[in-house]
Amino acid sequence: MRWWALIAVTLGTFMTYLDNNVGNVALPTIQRELGLTISGLEWIVSSYILVFAGLMLAGGRLADVFGARRVFLGGLAIFTVASLAAGFATSGGVLIAARAVQGVGAALLTPTALALIGQIFPDPGERGRAVGIWSASGALSMALGPVTGGFITENLHWGWIYLINVPIGLVTFGIALWALQPAFTELRRVRHSLDLPGLITSALALFALTYALIEGERAGWTSPEILATLGVFAAAAVAFVLVEARAAEPMIVMSLFRSPTFTGGLLTSGIWSFGVFGIYFFSALWLQNVLGFSPTEAGASFVPMALVMAVMAILSQRVSARLGIGPTVALGMALMGAAIYLLSGVGADADYADVAPWFLLYGLGGGLLVPLTAAILSGMPKDRSGVASGMLNVSREVFGLLGITVLGAILTSRQSASDRAPLAAFLDAYQFTLVVAAVVVLAAIPVALYALRSRREEPQAAASVTVGSSN
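None of the values given here were measured: they were computed from a predicted structure.

## Notes on the overall build of the protein
And then number 1: Of regular secondary structure, the protein possesses 21 helices and zero strands.
And then number 2: Buried residues in the protein amount to 58% of all 471 residues.
And then number 3: Here the analysis covers contacts within the protein between residues at least 6 apart in sequence; of these, 84% occur between residues at least 24 apart.
And then number 4: When the accessible area of the protein is evaluated, it comes to approximately 18000 Å², of which 68% is carbon and sulfur surface.

## Things to note about the environment of Thr-328
And then number 1: With respect to the helices and strands, the residue Thr-328 is situated in helix H15 (residues 325–343).
And then number 2: Residue Thr-328 is classed as buried on the basis of its relative accessible area of 0%.
And then number 3: For the pair Thr-328 and Val-370, spaced 42 residues apart in the sequence, the C-alpha separation amounts to 9.5 Å.
And then number 4: Apart from residues no more than four positions distant in its own chain, Thr-328 is found in contact with Val-319, Ser-320, Leu-323 and Leu-368.
And then number 5: Side-chain polar atoms of Thr-328 contact the backbone oxygen of Gly-324, separated by 2.8 Å.

## Points about the packing of H15 against helix H20 (residues 444–451)
And then number 1: It is the contact of H15 with H20, at a shortest axis distance of 8 Å, that shows an interaxial angle of 175 degrees. Between H15 and H20, the angle falls in the class roughly antiparallel. On H20, the residues touching Gly-326, Pro-327, Val-329, Ala-330, Met-333 and Ala-334 of H15 are Ala-444, Ile-445, Ala-448 and Leu-449.
And then number 2: Here the contact of H15 with H20 is composed, by residue class, of nine nonpolar, one polar and no charged.

## Here we look at the packing of aromatic side chains
And then number 1: Evaluation of the coordinates by the stated rule reveals seven aromatic pairs.
And then number 2: Here Trp-43 and Tyr-211 contribute two aromatic rings whose centre-to-centre distance is 6.4 Å and whose plane-to-plane angle is 45 degrees, an arrangement assigned as tilted. Taken together, the residues span a long stretch of sequence, with Trp-43 in helix H3 (residues 38–66) and Tyr-211 in helix H10 (residues 196–219) at a distance of 168 residues.
And then number 3: Aromatic side chains Tyr-48 and Phe-52 sit 5.8 Å apart centroid to centroid with 50 degrees between the ring planes, which places their arrangement in the tilted category. In this pair, Tyr-48 and Phe-52 are both assigned in helix H3, four residues apart and thus about one turn of the helix distant.
And then number 4: Directly above the ring of Phe-432 sits Arg-414, whose terminal nitrogen or CZ lies 4.3 Å from the centroid.

## Quick word on the pattern of salt bridges
And then number 1: One pass over the full model with this rule turns up two salt bridges.
And then number 2: Residues Asp-428 and Arg-414 are paired through a salt bridge, measuring 3.0 Å at the closest nitrogen-oxygen approach. One end of the pair, Asp-428, is in helix H19 (residues 422–442); the other, Arg-414, is in helix H18 (residues 385–417), and 14 residues separate them in sequence.
And then number 3: Asp-428 gets classed as buried once you look at its relative accessible area, which sits at 16%.

## Considerations on a nonpolar patch on the surface
And then number 1: Among the surface-exposed residues, Met-1, Trp-4, Ile-7 and Trp-178 lie close enough to one another that they form a single nonpolar patch of about 420 Å² accessible area.
And then number 2: Turning to its location among the elements, Trp-178 is positioned in helix H8 (residues 165–179).

## Focus on helix H2 (residues 27–34)
And then number 1: With six of eight residues buried, H2 lies mostly within the body of the structure.
And then number 2: Along H2, the residues classified as buried are Leu-27, Pro-28, Thr-29, Ile-30, Gln-31 and Leu-34.

## A word on the nonpolar core
Nonpolar side chains in soluble globular proteins tend to end up buried together.
And then number 1: Counting 122 residues, the largest nonpolar core has Ile-30, Leu-95, Trp-286, Leu-287 and Met-333 as its most contacted members.
And then number 2: Ranked by residues supplied to this core, first place goes to H3 with 13 residues.
And then number 3: Ignoring any residue separated from it by four or fewer positions in sequence, one finds Ile-30 in contact with Gly-35, Leu-36, Ile-44, Leu-95, Trp-158, Ile-161 and Tyr-162.

## Quick word on the confidence of the model for the protein
And then number 1: Of the residues in the protein, 87% have a pLDDT of 70 or more, and the chain-wide mean is 81.
And then number 2: Below a pLDDT of 50 lies the segment residues 455–471, which in the model reaches 56 contacts outside its immediate sequence neighbourhood of four places, other chains included.

## Notes on the environment of Gly-265
And then number 1: Along the chain, Gly-265 falls in helix H12 (residues 260–289).
And then number 2: For Gly-265, a relative accessible area of 0% puts it in the buried group.
And then number 3: Counting along the chain gives 185 residues from Gly-265 to Tyr-450, while the straight-line C-alpha distance between them is 9.7 Å.
And then number 4: For Gly-265, the contacting residues outside a window of four places in its chain are Pro-260, Leu-372, Ile-376 and Ala-451.

## Some thoughts on the packing of helix H1 (residues 2–23) against H8
And then number 1: H8 packs onto H1 with a crossing angle of 155 degrees between their chain directions and a minimal axis gap of 8 Å. When the interaxial angle is binned, H1 and H8 end up roughly antiparallel. The element H1 and its partner H8 pack so that their crossing is left-handed. Only Asn-165, Ile-168, Gly-169, Thr-172, Ile-175, Ala-176, Trp-178 and Ala-179 of H8 make contact with H1, whose side of the interface consists of Trp-4, Ala-5, Ile-7, Ala-8, Leu-11, Gly-12, Met-15 and Asp-19.
And then number 2: Its residues assigned to classes, the contact of H1 with H8 comprises 11 nonpolar, four polar and one charged.

Reading the values: rules and limits
Residues numbered from 1 in each chain as written. Predicted model: local features only at pLDDT ≥ 70, side-chain atom pairs only at ≥ 80, totals over all residues. Heavy atoms only, no water. Helix = DSSP H or I, 4+ residues; strand = E, 2+ residues; numbered from the N terminus. Buried < 20%, exposed > 50% of the residue type's maximum accessible area, 1.4 Å probe, protein only. Contact = heavy atoms within 4.5 Å. Areas by Shrake-Rupley, 256 points an atom, 1.4 Å probe, with all protein chains shown as cover. Polar contact = N/O pair within 3.5 Å; in protein donor to acceptor, adjacent residues only side chain to side chain. Axes fitted to C-alpha atoms, helices over the stretch in contact; angles between N-to-C directions. Parallel < 35°, antiparallel > 145°, perpendicular 65-115°, else oblique. Nonpolar A, V, L, I, M, F, W, Y, C, P; charged D, E, K, R; others polar. Phe/Tyr/Trp six-rings, centres within 6.5 Å; stacked < 30°, edge-to-face > 60°. Lys NZ or Arg CZ within 6 Å of the ring centre and 35° of its normal. Salt bridge = Lys/Arg side-chain N within 4 Å of Asp/Glu carboxyl O. Patch = residues over 30% accessible without salt bridge, like charges linked within 9 Å, V, L, I, M, F, W, Y side chains within 5 Å. Core = buried A, V, L, I, M, F, W, Y, C linked by side-chain atoms within 4.5 Å. pLDDT = per-residue confidence, 0-100. Left-handed = near helix turned anticlockwise from the far one by under 90°.

Dropping the structure here:
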């Protein structure tokens, strides 16, 4: 029964991972059929991430109050219904709204997954194996998502990239209802409030920043609309810090930031997400609109990179045992930054042979970052590990959101200022954006070397590391 419960938890997590990875390749087709701009495409991705990141800490708090089983089932139901709505969307507005509701479901699913595994498998040995199986869903989604999305886009209606979640969700819900027994999945209710002021101010700050970054080029960076939005962001961010400092049960424990390992590790992990989210989003457009790849070919282009990343994620434990976590993570960021920079030199007449080496190098570097999670969480007191895990997940989503919006703003601004033909202008803007992204990723190297110095990966901690999901 316990292993069936693990199947349910893993399928639920896999579905949320797959949803992001399967959608990027379909963006050019969605853009044409729904008549969307680049900012409209960004909102399709960002609306999901925005809600996901803004509510993830609240999802963890709800699991503490109502029990992980109830919250998991609720999140699964919301995500499945929202996927149905997204699949039948006939306008950009409806699709963006459905994606936002998907974010609500994912915010309830994700924080409860590891909590459920910990309750279902109290034995450390079994728990390690269970977490390993659960972690593989992230790598599998990165390998299957793009090629599945490409095949669906080329041979079926693009709506099926979301509709495939419906049968998966129904099967998962049935298994979870049967296998997740309340007797061993109910959490002790250690918290009794949701910290609504913290939730409201953090969500408002994140939404305002995202809106300003996505719409800044259209409205003008010095327009009253954008300046007012940035003012709302600043005020909400300050209010959030003040609220959290005084809250009896805060969403974010500010004292954790006193640890260099936690703060530096969080920043390094965030920069990794910045690069992953941004590169996946814009490379799907570049492969199809500039290089002329079909959706299936574009999706298949990401598969070797994801597989290399998954293999290196396993081998990274041995590398970090020899080098230490700091040098291992720094090496990974160096390889990723180099790959992004070299990718910027690929011209409009290139084929997959010109792209593949840099994609593979990128996957090689990305896999070396897996020990980073263990470094962050193993340095925390046991009574803070849950909070630290939630903050780590949120930081990844927030930085990923910034990767899409900031790089999108740079790309759009440079493309608009160009006097070249549309495709040539896009290629020039894309290449410039890659150089910017490479500089940002490489900036994480000294941060990792300083924050993670003199740390070795412990086998027990490494067993609890998850492979990156690109959510």
